Amino acid sequence: MTEQQLRALGPALERYLAPSLFCCAYTQTFGHLNTYVRGLLSDLPRKTCEPIALAAGTPVRTLQEFLKDHLWDFARLRDGLQRHAADLLPDLPATTWAPSA
């Protein structure tokens, strides 16, 4: 995605990530998740921590520590994402998600 597309996606991305806040044991650093996800979606040629952090103006070590050291409640995160998907399915036409026979 281009920078312009990422800026346009910004509010929707923040709404999508917001329910994950309390899956992060140290919520004060939760904003780094947005930085990391935006970097993964960007058109950066390398999707590793260093170029993502540098492009976002975040100290590289800070983003590395966020990804490596911070504890996540993976079961809670997974359950929340599954609920989100299940809530969306009834509103989609069956041809977009139903398995073919």
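Since we're looking at a predicted model, the values are computed, not measured.

Reading the values: rules and limits
Residues numbered from 1 in each chain as written. Predicted model: local features only at pLDDT ≥ 70, side-chain atom pairs only at ≥ 80, totals over all residues. Heavy atoms only, no water. Core = buried A, V, L, I, M, F, W, Y, C linked by side-chain atoms within 4.5 Å. Buried < 20%, exposed > 50% of the residue type's maximum accessible area, 1.4 Å probe, protein only. Helix = DSSP H or I, 4+ residues; strand = E, 2+ residues; numbered from the N terminus. Contact = heavy atoms within 4.5 Å. pLDDT = per-residue confidence, 0-100. Axes fitted to C-alpha atoms, helices over the stretch in contact; angles between N-to-C directions. Parallel < 35°, antiparallel > 145°, perpendicular 65-115°, else oblique. Nonpolar A, V, L, I, M, F, W, Y, C, P; charged D, E, K, R; others polar. Polar contact = N/O pair within 3.5 Å; in protein donor to acceptor, adjacent residues only side chain to side chain.

1. Digging into the nonpolar core
- In this structure, Leu 17, Phe 30, Leu 33, Leu 63, Phe 66 and Trp 72 are the most contacted members of the largest nonpolar core, which totals 13 residues.
- When residues of this core are traced back to their parent elements, those giving at least two are α1 (3-17), α2 (31-41), α3 (49-56) and α4 (60-69).
- In this view, Leu 63 contacts His 32, Thr 35, Tyr 36, Cys 49, Ile 52, Ala 53 and Thr 58; residues no more than four positions away in its chain are not counted.

2. Structural notes on the confidence of the model for the protein
- Across the protein, pLDDT averages 88, with 94% of residues at or above 70.
- For the protein, helix α6 (residues 94-97) is the element with the lowest average pLDDT, namely 67, and α3 is the one with the highest, namely 96.

3. Points about the packing of α2 against α4
- Where α2 meets α4, the axes come as close as 10 Å, and the angle between the chain directions of the two elements is 100 degrees. When the axis of α2 is compared with that of α4, the two are roughly perpendicular. The segment α2 lies against α4, with His 32, Leu 33, Thr 35 and Tyr 36 engaging Thr 62, Leu 63, Phe 66 and Leu 67.
- Looking at the contact of α2 with α4 residue by residue, the classes come out as five nonpolar, three polar and no charged.

4. Here we look at α2
- All buried positions along α2 are accounted for by His 32, Leu 33, Asn 34, Thr 35, Val 37 and Gly 39.
- Those residues of α2 that are buried lie in contact with α1, α3 and α4.

5. Describing the environment of His 70
- In this structure, His 70 sits in the loop between α4 and α5 (74-88).
- Leave out the neighbours within four places in its chain, and His 70 touches Tyr 26, Thr 29 and Glu 65.
- Reaching out from His 70, the side chain makes a polar contact with the side chain of Thr 29 at a distance of 3.2 Å.

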